[in-house]
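Geometric and topological summary
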Protein chains: 2
Amino acid sequence: MEPVLSNPQSDRVKKVRALHRRSSRQRAGLFLAEGPQAVRELLRFRPETAQTVYAVADADAELVELAAGRGVPVREVTDAVMTAMCEAQHPQGIAAVARPVDVPLQDALAGDGYVVVLTNVRDPGNAGTVIRGADAAGARCVLVSDASVDIYNPKVVRSTVGSLWHLPVSLGGSVEEIFAACRSAGLRLLATDGIGTQLLPDTDLATPHAWVMGNEAWGLEPEVRDACDEVVRVPIYGHAESLNLAMAATVCMYASAAAAHPKSR
Amino acid sequence: MEPVLSNPQSDRVKKVRALHRRSSRQRAGLFLAEGPQAVRELLRFRPETAQTVYAVADADAELVELAAGRGVPVREVTDAVMTAMCEAQHPQGIAAVARPVDVPLQDALAGDGYVVVLTNVRDPGNAGTVIRGADAAGARCVLVSDASVDIYNPKVVRSTVGSLWHLPVSLGGSVEEIFAACRSAGLRLLATDGIGTQLLPDTDLATPHAWVMGNEAWGLEPEVRDACDEVVRVPIYGHAESLNLAMAATVCMYASAAAAHPKSR
């Protein structure tokens, strides 16, 4: 058995910690998944992409077993090393270094159901929450434009709570490229925007479509909105000015899910 | 005109800052609303509860005018004083000290539409986001049990983005008292819980009901769940284990809104 990693200053620990930065992730072709939920879903859904699992002595034994069962090396580390490796302020005793799982645009679009497009989403928590919501609401895939936050940012990975490994995610490509691919796939492009005149309940969600989400602060850029087929607004029944991005996205995605599954499945 | 407040160490500034703490809020009978959106909605909807608006020299002039027009004293402060007063790391140049706006349980329950009950919600951001969502989705009111986070916590106030002043909110009272009042008002109690066997699309939302939300981490306490009439689960169509509290609440509330407004209004 390999010795416990105990030196937070070691090169190995520094290399893992460097994965907090986009440039290091791209150079290494690796990223960091922190916490039991992320590690579990990585090991359950895409074990072949896991490089190493790092775990403290009293980490979830089931997870350590799962890693061993999938042939993923597990290395024991001290609490100090775990803290040094992780971006989370309170790492939960387990983390994994893994290879990216994004797929080319065309591969992501293969399949059925509605599609989710993120353009210019910059906040890691929002991006991760929308990916989680897309997974929960049964989206075909999530397409992330090149101007958006890097989904391998540890904060994004954490906030997907494992959904990153559950559904196809495609990264990069300009909005124009993504839109062209969606149209070729026969999808109507539905912009979600508070200034839309078409209300969500009046929108046809029974035919193939893609939800296009914009930046959390300034919404969709006018040229992106204009390139869509319909501009859809989630109705506001009270006095609130708006919903935040994750909430609006969740309402839209669940409306699509409801159209696809009219009653309980 | 009164002099600009420029000493971050002054008693007045310390008194405002003390409102970050629940005990000081309760002693003073006041709380702090930070940022233009909160101050605007306070002044638009409940100006009689505003005590003082504090604004930096280049604060939104329209807001300062609005305050003056509603007879609310405006006091100019330096950037350093604004930073010292506010809980937000980047205060946006304006804040107000105001009196609480919560109403007694019975008053909150007067009116039509579905009701939202928060039991044991502890995270300020979640509580605020659910109040914002309840406003957007046209809930009758939000009832907050005594074991939940204080909604006058600056983080909650900020994350309601003004909705705190838009719909009746009732604070305190045990879950038992709240449930009894809901039943007297003719409401069915619908627990939202990932372990529910009844799916949201199969739930009757056409008759009066209250959504009961639990803690973000551990869900509803068993005895609270058992006291409800139905335990409802938001369907998960993909592989996600769950939705977070704010997302699940938003989906449930918008389902209620859709039942009340079958097509565009």
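Rules of the game
- Residues numbered from 1 in each chain as written.
- Chains lettered and ligands numbered in written order.
- Predicted model: local features only at pLDDT ≥ 70, side-chain atom pairs only at ≥ 80, totals over all residues.
- Heavy atoms only, no water.
- Contact = heavy atoms within 4.5 Å.
- Buried area = accessible area lost by both parts, 1.4 Å probe.
- Polar contact = N/O pair within 3.5 Å; in protein donor to acceptor, adjacent residues only side chain to side chain.
- Nonpolar A, V, L, I, M, F, W, Y, C, P; charged D, E, K, R; others polar.
- Axes fitted to C-alpha atoms, helices over the stretch in contact; angles between N-to-C directions.
- Helix = DSSP H or I, 4+ residues; strand = E, 2+ residues; numbered from the N terminus.
- Parallel < 35°, antiparallel > 145°, perpendicular 65-115°, else oblique.
- Left-handed = near helix turned anticlockwise from the far one by under 90°.
- Pairing = 2+ DSSP bridges.
- Least-squares fit on C-alpha atoms with pLDDT ≥ 70 in both.
- Salt bridge = Lys/Arg side-chain N within 4 Å of Asp/Glu carboxyl O.
- Buried < 20%, exposed > 50% of the residue type's maximum accessible area, 1.4 Å probe, protein only.
- Core = buried A, V, L, I, M, F, W, Y, C linked by side-chain atoms within 4.5 Å.
- Right-handed = clockwise from strand over helix to strand, strands pointing away.
- Domains from an automatic or database assignment.

**What about the interface of chain A and chain B?**
Contacts between chain A and chain B engage 35 residues on the former and 35 residues on the latter. Summed over both sides, the interface of chain A with chain B buries roughly 3200 Å², with 59% coming from carbon and sulfur. Contact with chain B buries area across many residues of chain A, yet R132(A), Y237(A) and Y254(A) alone supply 21% of it, more than any other trio. At the boundary of chain A with chain B, the tally comes to 16 residue pairs in polar contact (both at pLDDT 80 or more). Along the lines of polarity and charge, the residues of the side of chain A that touches chain B split into 16 nonpolar, 13 polar and six charged.

**Thoughts on the packing of helix α3 (residues 36-45) of chain A against helix α4 (residues 61-69) of chain A**
All names here are of chain A. Axis separation between α3 and α4 bottoms out at 10 Å; the angle between their running directions is 25°. The angle between the axes of α3 and α4 places the two elements in the roughly parallel class. In this structure, the crossing between α3 and α4 has a hand that is left-handed. Contact residues: α3 offers P36, V39, R40, L43 and R44, while α4 offers L63, L66 and A67.

**Focus: the environment of L220(B)**
Residue and element names in this part refer to chain B. Structurally, the position occupied by L220 is in the loop between β10 (209-213) and α10 (222-226). Each C-alpha atom of the pair L220 and T207 lies 23 Å from the other, and the pair is 13 residues apart in sequence. With near-sequence residues (within four places) excluded, L220 lies in contact with T119, A191, T192, D193, V212, M213, G214 and R225.

**So, the sheet that holds strand β7 (residues 169-171) of chain B**
Residue and element names in this part refer to chain B. The strand order β7-β6-β5-β10-β8-β11-β9 describes an open sheet built from seven strands, whose pairing is parallel. What marks the edges here is a single partner per strand, and that holds for β7 and β9 (198-199). Here strand β5 (residues 115-118) pairs with strand β6 (residues 141-144) via four bridges, running parallel. Bridged to V117 within β6 is L143. Against the sheet, helix α11 (residues 245-260) engages β5, β8 (188-192) and β10, with an angle of about 175° to β10.

**Focus: the relation of the copies chain A and chain B**
Each copy superposes on the other: chain A lies on chain B with an RMSD of 0.0 Å after a rotation of 180° and an axial shift of 0.0 Å. Put plainly, the chains are arranged around a two-fold axis. Mapped onto chain B, 100% of the interface residues of chain A are again interface residues, and the two copies thus contact each other with one and the same surface.

**Focus on the pattern of salt bridges**
Applying the stated criterion to the full structure yields 25 salt bridges over all chains. Put simply, E87(A) and R158(A) hold a salt bridge, and the shortest N to O gap is 2.9 Å. Taken together, the positions of E87(A) in the loop between α5 (79-85) and β4 (94-98) and R158(A) in helix α8 (residues 154-160) put the pair 71 residues apart, joining distant regions of the chain. Relative accessible area serves as the criterion here: at 24%, E87(A) is assigned to the partly exposed category. Overall, R158(A) belongs to the partly exposed group, its relative accessible area being 29%. Note that E87(B) and K155(B) form a salt bridge whose closest N and O atoms lie 2.8 Å from each other. In this pair, E87(B) sits in the loop between α5 (79-85) and β4 (94-98) while K155(B) sits in helix α8 (residues 154-160), placing the two residues 68 residues apart along the sequence. Each of E34(A), E87(A), K155(A) and R158(A) takes part in a single network of salt bridges with overlapping partners.

**As for the nonpolar core**
Soluble, globular proteins show a tendency: their nonpolar side chains are buried together. Counting 151 residues, the largest nonpolar core has V116(A), Y254(A), V116(B) and Y254(B) as its most contacted members. Sort the elements by how many residues they give to this core and helix α11 (residues 245-260) of chain A lands first, with 10 residues. Once residues lying within four places of it in the same chain are set aside, the contact partners of Y254(B) are V234(A), P235(A), I236(A), Y237(A), L243(A), V251(A), A136(B) and A137(B).

**Comments concerning the sheet that holds β4(A)**
Consider a sheet: its strands pair through backbone hydrogen bonds, and that pairing is either parallel or antiparallel. All names here are of chain A. One open sheet accounts for four strands, arranged β1-β4-β2-β3; its pairing is mixed. Because the sheet does not close on itself, it has two edges, and the strands there are β1 (31-34) and β3 (74-76). Across the sheet, the mean angle separating the axes of adjacent strands is 25° when strand polarity is ignored. Contacting β1, β2 (50-55), β3 and β4, helix α1 (residues 11-18) crosses the sheet at an angle of about 115° to β2. The sheet strands contacting α4 are β2, β3 and β4, and the helix crosses β3 at an angle near 140°.

**Let's talk about the pairing of β5(B)**
Residue and element names in this part refer to chain B. Side chains of β5 alternate between two faces, with V115 and V117 and V116 and L118 buried alike. Of the crossover connections in this fold, the one passing from β5 over helix α7 (residues 124-136) to the parallel β6 is right-handed. Across four bridges, β5 lies against β10 in parallel orientation. The residue bridging L118 from the neighbouring strand is M213, located in β10.

**Topic: the environment of A217(A)**
Residue and element names in this part refer to chain A. Considering the arrangement of structural elements, one finds A217 in the loop between β10 (209-213) and α10 (222-226). Take A217: its relative accessible area is 69%, and that puts it in the exposed class. Sequence separation between A217 and E2 is 215 residues; the distance between their C-alpha atoms is 48 Å.

**With respect to the domain arrangement of chain A**
All names here are of chain A. Split by domain assignment, chain A resolves into domain 1 (11-98) and domain 2 (105-260). Centre-to-centre, using C-alpha coordinates, domain 1 lies 29 Å away from domain 2. With 15 residues of domain 1 in contact, the opposing surface of domain 2 contributes 13 residues. Interface of domain 1 and domain 2: buried area, both sides summed, is about 1300 Å²; carbon and sulfur atoms make up 62% of it. Three residues, R25, F31 and E87, lead the burial of domain 1 against domain 2; their summed loss comes to 36% of the area buried on that side. In this structure, the connection of domain 1 to domain 2 is made through four salt bridges. Where R25 meets D150, a salt bridge forms, and the shortest distance between an N and an O atom there is 2.8 Å. Our enumeration of links across domain 1 and domain 2 arrives at six residue pairs in polar contact (both at pLDDT 80 or more). Elements that contribute at least two residues to the side of domain 1 that touches domain 2 include exactly α2 (22-28), β1 and α3. Sort the elements by how many residues they give to the side of domain 1 that touches domain 2 and α3 lands first, with five residues.

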